[in-house]
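Each chain is listed here by its residues.
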Amino acid sequence: MNVIERIKDQLENNPVVLYMKGTPDFPQCGFSGQTVQILDLCQAKYMYVNIFEDPELREALKDYSNWPTYPQLYISGELVGGCDIVVDLYKKGELATRLAAVGGVAE
């Protein structure tokens, strides 16, 4: 499976995916950490990928998404955006709604 097929597989088989620097328990940049905090406030269930563990994926995802920075949050296979967009959607109350619509909230 090539790197693009792996990305597509991750997005097709997980309703919420966060590509981030580090892990939720140990984020390695402030933006990834803030995104994790917002997802935690929403009680989100999500798969994460530490881009530092897969340099090939890290580079390919920039082209796949046409988004040059990390973190990148996907809901239902669609790029939502990075930290600023996630924070904005959370403040508007839209993030929790979008997560719930795909079963991405802990019960």
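The model shown is predicted, which means the values in this text are computed figures rather than measured ones.

Draft legend 1. Structural detail: the overall build of the protein. Along its length, the protein carries 5 helices and 4 strands. Listed N to C, the secondary structure of the protein is α-β-α-β-α-β-β-α-α in terms of helices and strands. Over its C-alpha trace the protein gives a radius of gyration of 13 Å, about what one expects of a compact globule, namely 13 Å for 107 residues. Counting only C-alpha atoms and orienting by the principal axes, one finds that the protein spans roughly 35 × 25 × 25 Å. In the protein, buried positions account for 42% of the 107 residues. Working note: accessible area of the protein is about 5,900 Å², and carbon and sulfur atoms make up 48% of it.

Draft legend 2. Summary view of the UniProt feature "binding site: [2Fe-2S] cluster" (unreviewed entry) in the protein. Mapped onto this structure's residue numbering, the UniProt feature "binding site: [2Fe-2S] cluster" (unreviewed entry) falls at Cys 29. The topology assignment puts Cys 29 in the loop between strand 1 (16-20) and helix 2 (30-41). According to the relative accessible area criterion, Cys 29 is buried, its value standing at 18%.

Draft legend 3. Geometry of unusual backbone geometry. The omega torsion across Tyr 70 and Pro 71 is 10°, close enough to zero to call that bond cis. Within the secondary structure layout, Pro 71 lies in the loop between helix 3 (55-65) and strand 3 (72-75). Positive phi, normally seen in glycine, also occurs at Asn 66, with a value near 60°. Within the chain, Ser 76 stands out as a residue other than glycine whose phi angle is a positive 55°.

Draft legend 4. Broad picture of the packing of helix 2 against helix 4 (residues 83-92). In the contact formed by helix 2 and helix 4, the axes pass within 9 Å of each other and the chain directions differ by 25°. When the interaxial angle is binned, helix 2 and helix 4 end up roughly parallel. In this structure, helix 2 meets helix 4 at a crossing whose hand is left-handed. Residues Phe 31, Gln 34, Thr 35, Ile 38 and Leu 41 of helix 2 pack against Cys 83, Val 86, Val 87 and Tyr 90 of helix 4. Of the residues in the contact of helix 2 with helix 4, the class split is 7 nonpolar, 2 polar and no charged.

Criteria and cut-off values
- Residues numbered from 1 in each chain as written.
- Predicted model: local features only at pLDDT ≥ 70, side-chain atom pairs only at ≥ 80, totals over all residues.
- Heavy atoms only, no water.
- Helix = DSSP H or I, 4+ residues; strand = E, 2+ residues; numbered from the N terminus.
- Rg over C-alpha atoms; globule rule 2.2 N^0.38 Å.
- Buried < 20%, exposed > 50% of the residue type's maximum accessible area, 1.4 Å probe, protein only.
- Areas by Shrake-Rupley, 256 points an atom, 1.4 Å probe, with all protein chains shown as cover.
- UniProt positions renumbered as here; feature names shortened; annotations may be inferred.
- Axes fitted to C-alpha atoms, helices over the stretch in contact; angles between N-to-C directions.
- Parallel < 35°, antiparallel > 145°, perpendicular 65-115°, else oblique.
- Left-handed = near helix turned anticlockwise from the far one by under 90°.
- Contact = heavy atoms within 4.5 Å.
- Nonpolar A, V, L, I, M, F, W, Y, C, P; charged D, E, K, R; others polar.

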